[in-house]
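Observations on chain architecture
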Amino acid sequence: MADGTYRCHDCHMTFGTLNLLQKHKQKFCVGGSVGDPDSLRLRKGLRSDDDPIARPYSPEEKPLSGGKKLEDKVRQLQVLKAQREKRRDIRNLQERILLDTLEDTHVQLGYGPSQRSVSRLPLSKDKDVKRLQLEYEMLREKELQQQTKIPVGYERGISPMLRESRLDNYSPMSDSSMSIHLPDDEYQKYNPDQDQQIKQLAENHGRQMEYLQLRNQDLEKQRQDIQRRLGELGNKGRPTGGEDSGQLLAELRAQEERNQRALDDLKRQLYDINHQRINVIEVDKGQPAPLPPPPPPVETGRKSYIYPIYYGNSMVAEISAIRQAYLQNGGNDPDILHQMAQMQAEAQNIEDQMKKHGYDRRHREKKDPGQITQLELENERLHRELMLLQEQNFLARERKKSDREEELERQLRQLREDQLRKMYELQNEINLLKNRPPVEATPRQVLPPPPTKADTPWLLQRPYVEVEPMAPYDQYAGFVIFYDLVLNLDPRVTACRLIVGLHGVSAQMGEPTLMPTVYTEPVTRGGAYMSNNSNAIIGARQPVPKCPADSDLGIVVELQTSGGPASDYDKHSLITRAWTKLPLFDGKGQLIAGKFRIPFRNVPIKPYLHPSQLQNLEKFQDAELYYRVVNMRDMEVQSLVNISAANYNQYRAPVIPPPSQAKPPSPRVPPTASTGLGRFMIRHHKWSRQEQRLPSIQTGRVQPQDTTIGFQVDRVKHAEGGEGKVRLTAYYASTGKLVQSSISPVTCSTTAVKSNFKQNYHVFGQQEATFNDVDLQGDMVLIARFYLRKRQSEPSGFEADQGNEATLYDEETLIAWTAIPLVLCTENLSVRGRRNFNPKTMQINTGTHTLRLYTPPVPDPGQVPLEEIQGNHDWRRYGKATLRIHIFQGNPRPGSLTPSDMSEDGEDVLPEYSWLPFERSKPCRDPFLSGDGFDVYVDGCRYLPDSVTFSKVAGRVLDRKYEVHGKDINATVNLDSDIYNPVYETKTEFRENNIPPSSTIMFKVYTVDNFYKQLTVIGYATLNVFVESGTERQPNIDKPGLQVSLNEGAHQLRLYSQGPNGVDPLTESVIRDSGVRYVPCASLLVRLTRVAKGPSGKALEQSKVPQADWLRLGLYQPRPRYTDRIYFSTKCMPSKGESKLFHSMMRRPAIKVRDAVAKIAQAKESFYRSDKNLEEYIRNKLTKGDNKPLDIDLTFICQYNPKQGIKVAVDGATNLPWTNFTHAHICLNPPAAFYMGAPHATYDKLVFTEFLDLKSTNTSPQWRDGFKHFPSRSYHRFLTVIIHLQEVQVSVAKENYKYGLLEQAWTALQVFTDHYCYTSTFQLPLYDGSPSPQMLKQLAREPCKDWMERNIRSGTIHLLEGGSVYVRLADGRRDDELAGDAPGDKLLEVNTDYIPPEWEDKYARERPGKPLESMVPTGKTAEQFVDGLAIKFKNLVYKLYEEGNVK
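Every chain's residues receive numbers from 1 upward, in the order its sequence appears when written. Under the rules for a predicted model, residues below a pLDDT of 70 receive no local features and side-chain atom pairs below 80 are neither given nor counted, while totals for whole chains, interfaces and linings still include all residues. With hydrogens and water stripped out, all remaining heavy atoms of the structure feed into the side-chain values.

Some thoughts on the sheet that holds strand β41 (residues 1296-1310)
The pairing criterion is simple: DSSP has to find at least two bridges between the two strands. Labels follow the DSSP assignment, with helices taken as runs of H or I lasting at least four residues and strands as runs of E lasting at least two, numbered in each case from the N terminus. Strand order across the open sheet formed by eight strands is β38-β37-β40-β41-β44-β45-β36-β39, with antiparallel pairing between neighbours. If you trace the sheet from one side to the other, it starts and ends with β38 (1247-1248) and β39 (1268-1270), each paired once. When strand β36 (residues 1206-1214) meets strand β45 (residues 1359-1371), the two strands line up antiparallel, connected through eight bridges. Its bridge partner lying in β45, Ala-1209 is registered against Arg-1368. Running at roughly 110° to β41, helix α23 (residues 1344-1354) makes contact with β40 (1280-1293), β41, β44 (1320-1328) and β45 of the sheet. Throughout, a contact is declared for two residues whenever any of their heavy atoms are within 4.5 Å. In this description, a line fitted to the C-alpha atoms serves as the axis of each element, helices being fitted only across the stretch in contact, and the angle between N-to-C directions of two axes falls anywhere from 0 to 180 degrees.

Here it is, written out as structure tokens:
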């Protein structure tokens, strides 16, 4: 079979389907043994006369009686066969004559000889037919000799015998024969009516070819005429717009009408061809005979085609895009490619001439209706070329027809449709240009600026339209915003869309607007902007009428992209990735008009923020929005601006005014989008309504005489490890001199710090410097230098050695720098124009700034731009490092002791192929009857924990009462598989008739633990054998009449750390419903398959069937790949934490099972050479003995990742000896900065409990805060969590509430063991008092449990009798495994290793206490009291810190 056809090897005929080929062989084949007299003789035991050898025959082939009658029948068959062959030879000869006639007609029309292969008909066995064949061949050869003028004597030299032998070498059914394939698939009988139809078809074809040839010549003449006129236009240079313009337009209109008629004619022809019908063109008055009905068209799958896409208005780009689309769609005609290349060269020549004469669009429209004329000429030429290409394609199709002409016609038909669509687009573009009003009709005309260079590129000579930034704003007319470009996107982003909406600081104004989706394009030019990214041309505008001039208003722009990072599973959907907010008005009510660029920020979207507050948020890569804001009256003029990424340098960063100060500041920081946003917005919105009724009071701007400037240094992120410090220096850009204050230059430096307690951070604790009476100028810039001394080993402290600080100021230790302008200016002034500080147009660049760090050398102050620092790409980045500082004017902001923001990890997205979602499309319905059997395949495991070595899987079929049915499942591991993703490929047969419907298979996965070196159960999994027919439910009863179906299919089962309790009935969900912790990321792959039955009605077994038939009968099914998506995996859907764990697990190096055995066995090398020895060793080690196997230790799942950090939750306390309220604060040691006193507490900030549960008691309080995150924490062998509890007394005196701190207690918990973070719930004993700095230093040098036991015995610390606290500690990726109420859930497994064994009874009993809700003072609701108590507790702790009374 080839190309979808089936071939008979006896007679060489081809058929479309296998059924037709079989029917042909049985009934009609003339080359086979059916109907052959000799074959019939042999089958009946006879021999033909010319058979030289007597063939022995078997007893089944004995001759029948009546041999004479049989011989008569054979003779009759021979006669019939000869007659049939004679008729077939006559029909073949007739077809050959008709085809030769058709070819002669084709040659006479001037198309040359056809490309079909010329073959000879075989000579017939009949003498008369043979004579006719020879006579026709001789006549045909004479005609060919006359046409080609070959000497007659040459052909006479060929003898008739040689000619006859040459004809015998051809078969009438070969691929090169001249027989016509009739439409019916079966053997066709001769139809004499076909001769007239074939003749009529040949005549129609000839007339059609003649008409197309004439039409082709006419079109060629028109193309030459247009080329001649176009060449004359190009030689004239700049058109003068004289007297010939009107005449030329009239000629073009006439030519357009002629072209339209020709196009309609061509469309009608293409329509006929597409519908498998040939329309006869009436050249003369004769009426053609009607054609036979065409065969029904064969429906084929529609193929998707690529359409040409180009940007701009360049003809060269358009032709290049058409050529690229033609090649991508499979086109390879050299004539078409040559003509396209010629068209492109002519278009390039025209553009070069226009560039040479300084030809821009405005001049063309002003002096020459010739812009339309030239475009029409060019588009008409392209129109004609495309029509000519279609004509050539049609003629080429007729010349190259073969047996597969229908398939070629379908492909060419689609190509013609694409070309016609392109022609229609060009025609529409011409009509659009005709209808466009001329530029002179616009009310405003802006003159272009004088060119600065003679060699300005032609592409940049566009109409110059500038924005008027200082024009007065008319709030009734409003303004217009143009969204031009989005630059510096990730190169993997394929499309993007903007969603915009008008927002205030309190509420949304109207509904958001969706901009059109646009595709990105790669950066193809060099230049200053980044060349390794992609850009998107938005080209949209949005009018905003009747908008009041409010400085708090802004436009929130949401960026949605498809593709790019984190889009491996969904590369086509548009997902929100970033956002920004555009400022609209300044403090004076003027519209901030101009061309601006603003960076995008990472989600989540916070629309309530003022645009000036966005600089505190992290940027979204390097993506920037380029936009224009203009008054409504300038909309038409600005619509003429050419949008191009090459003009990026015309846009500048907007000068963002500070938030309006007329409104009173909120007492609390604006809440996040998830907590408290609704109440804050409503309260703020009411104040805004009141403000609109009152007169405006201008009191917010800083007065000029306030010349105090200060700096706070927060941290350096993503720098190398070691001791580092930051030096800040302010300069005047115009002179390069230092900025002066009243007592000293404005320069300062921080103390040296180390990056050992927080991963990739140098935390400076908001070190502050203030300068009074600064000589203010508008050209001040601040340059920050970062010095670093790398060290191999560092102590546990967070401060550097003070004696070595002086060496940090060497140039060798300067590794990075950054800069920021200290003054923002609303006017576009030069550096010298900024020397005088004007408070009306200038202000200090206050606020928190995150600055990128760059590698040395440090530029001169005069080279630092005074507007936008981040967009300068001439400086080389220092990795991803950033510096965060706060600049203030006047009084400094209060020190922030709140936790740092969570760091981005980029691992929330599930990695590719780690887990593939798949579920059953329809439930099982086939009943499972008595005598049926099934097989259980154990294929493998995925993502086992770090503690595994070599493993095996064991399983049993159990009923609800845990009784065993059938044989045991024992799957051994493949020695060459990975220990973390082992492969088993084991099959177990079940042929029992008494398996109950409620049966469940329970699997256990065993290993030798890598840390404990003992037999350990990695996990348990369950799978129900049957389901109720038509449902997914597992049967819960075992009555005989219940109809069930086999739970057939491939299943991915989650592994759990413990098995069923043995008391509850065994079901598939018994482990999942009991709250047992699962083994993160680990799963088991199994399959249940139905078995075929034998002739006796019993299920087949492998032992009774030859191995060669296993695969055919379904007794063996190979293990599929996980990527085939056949495993039902919905029960293993990963959590958010598991998605992060998959990233780390996929980075583990693969270890083969045989290598793991060699590491543990420690035998001779010869022992490992035998697979038998290794398998025997694994079998012995993984066989249960007298000792019970261990359960898996869930600590050793995956090594700690500092990027994710740790999470701690303080859930509650028990048996506290005090009678008031209780709160707690948490920190990590090292560094335990809070207990070191001032000024170290700001280096590492405390975390407080806030939500006290009033339903708990005063002796056993509980908190509902959940986990507190400590991100980016470096690994420290003896890192501990310090939990400090304090009693808070609340008393009422008259109308005031008094708060005070009384008793306190503390405890500690070790975080790591061997690079793994403990993930469990702990009950920790409490110790009286608070920890001293000496205790914390000792805890940082040895294990926490050993230190506590030793100090309890020595009396250094004292247990709070019976008092304990419940703490959940987790790896930052595994907190979702510990969801639960530790104090309230008595069935929850709690680690009590820290409690002294002799005192376990005291800690197990809980003393009664007083409900906290009864202790709430009168006059306050429960919610108000809880919030106020948390705030007061923080303030009291801060007060102790400031007074130095931490103890």
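Next, the rest of the story.
Digging into the pairing of strand β14 (residues 723-732)
Any residue under 20% of the maximum accessible area for its type is buried, any over 50% is exposed, and the rest in between are partly exposed; the area is computed with a 1.4 Å probe on protein chains only. Within β14, nine of the 10 residues are buried, which leaves the element mostly enclosed by the surrounding structure. Where β14 lies against strand β16 (residues 753-754), two bridges are found, and the strand directions are antiparallel. Residue pairing in the sheet places Gly-724 in a bridge with Val-753 of β16. Where β14 lies against strand β18 (residues 780-789), 10 bridges are found, and the strand directions are antiparallel. Along β18, the bridge assignment pairs Leu-728 with Ala-784. As defined by bridge partners, β14 adjoins strand β15 (residues 747-749) across three bridges and the pair is classed as antiparallel. Looking at the pairing, Leu-728 lines up with Cys-748 of β15.

Quick word on the environment of Pro-839
Topologically, Pro-839 is positioned in the loop between β20 (823-825) and β21 (842-844). Sequence separation of Pro-839 and Gly-778 is 61 residues, and the distance between their C-alpha atoms is 9.4 Å.

Digging into helix α19 (residues 1153-1161)
Val-1153, Ala-1156, Val-1157 and Ala-1161 are the residues of α19 that are buried. Buried residues of α19, viewed axially, fall in a sector of 120°; they line one side. The inward-facing, buried residues of α19 abut α20 (1165-1168) and α21 (1171-1181). Count one or two residues on from α19 and you reach Gln-1162, which has phi positive near 55°. Summarising the geometry, the arc corresponds to the directions from the helix axis toward the C-beta atoms.

Regarding the nonpolar core
Nonpolar cores were defined as sets of buried Ala, Val, Leu, Ile, Met, Phe, Trp, Tyr and Cys residues, with membership established by side-chain atoms within 4.5 Å. Residues Phe-934, Val-938, Phe-1003 and Leu-1084 are the most contacted members of the largest nonpolar core, which totals 76 residues. Per-element tally for this core: the top contributor is strand β33 (residues 1078-1090), with eight residues. One finds Cys-1227, Leu-1254, Ile-1283 and Met-1348 within the second-largest nonpolar core, a separate group that totals 67 residues.

Topic: the packing of α19 against α21
One can describe the packing of α19 onto α21 by two numbers: an axis separation of 11 Å at closest approach and a directional angle of 70°. Classified by the angle their axes make, α19 and α21 are roughly perpendicular. Regarding α19 and α21, the two cross each other, and that crossing is left-handed. Contacts from Val-1153, Arg-1154, Val-1157, Ile-1160 and Ala-1161 of α19 reach α21 at Asp-1171, Leu-1174, Tyr-1177 and Ile-1178. Residues are grouped as follows: nonpolar covers Ala, Val, Leu, Ile, Met, Phe, Trp, Tyr, Cys and Pro; charged covers Asp, Glu, Lys and Arg; every other residue, Gly included, is treated as polar. Residue classes in the contact of α19 with α21 are distributed as seven nonpolar, no polar and two charged. Roughly parallel here means an angle under 35 degrees, roughly antiparallel means over 145, roughly perpendicular means 65 to 115, and every remaining angle is called oblique. Two helices cross in a left-handed way if the nearer one is turned anticlockwise from the farther one by less than a right angle. They cross in a right-handed way if the turn is clockwise.

Observations regarding the packing of aromatic side chains
Working definition: rings of Phe, Tyr and Trp (its six-membered ring) pair if their centres are within 6.5 Å, and the pair is stacked with planes under 30 degrees apart, edge-to-face with planes over 60 apart, and tilted otherwise. Inspection of the entire model under this criterion finds 30 aromatic pairs. Considering the side-chain rings of Phe-934 and Phe-990, the 5.2 Å spacing of their centres and the 10° angle between planes classify their relative orientation as stacked. Pair noted here: Phe-934 is in strand β24 (residues 934-942) and Phe-990 is in strand β27 (residues 983-990), with a separation of 56 residues, a long-range link. Phe-990 sits in the buried class, given a relative accessible area of 1%. Linked through ring pairs, Phe-928, Phe-934, Phe-990 and Phe-1026 together constitute an aromatic cluster. Lysine and arginine charges are scored as sitting over a ring when NZ or CZ, respectively, is within 6 Å of the ring centre and within 35 degrees of the ring normal. Looking at Arg-1148, its charged tip hangs above the ring of Tyr-980, at a distance of 3.9 Å from the centre.

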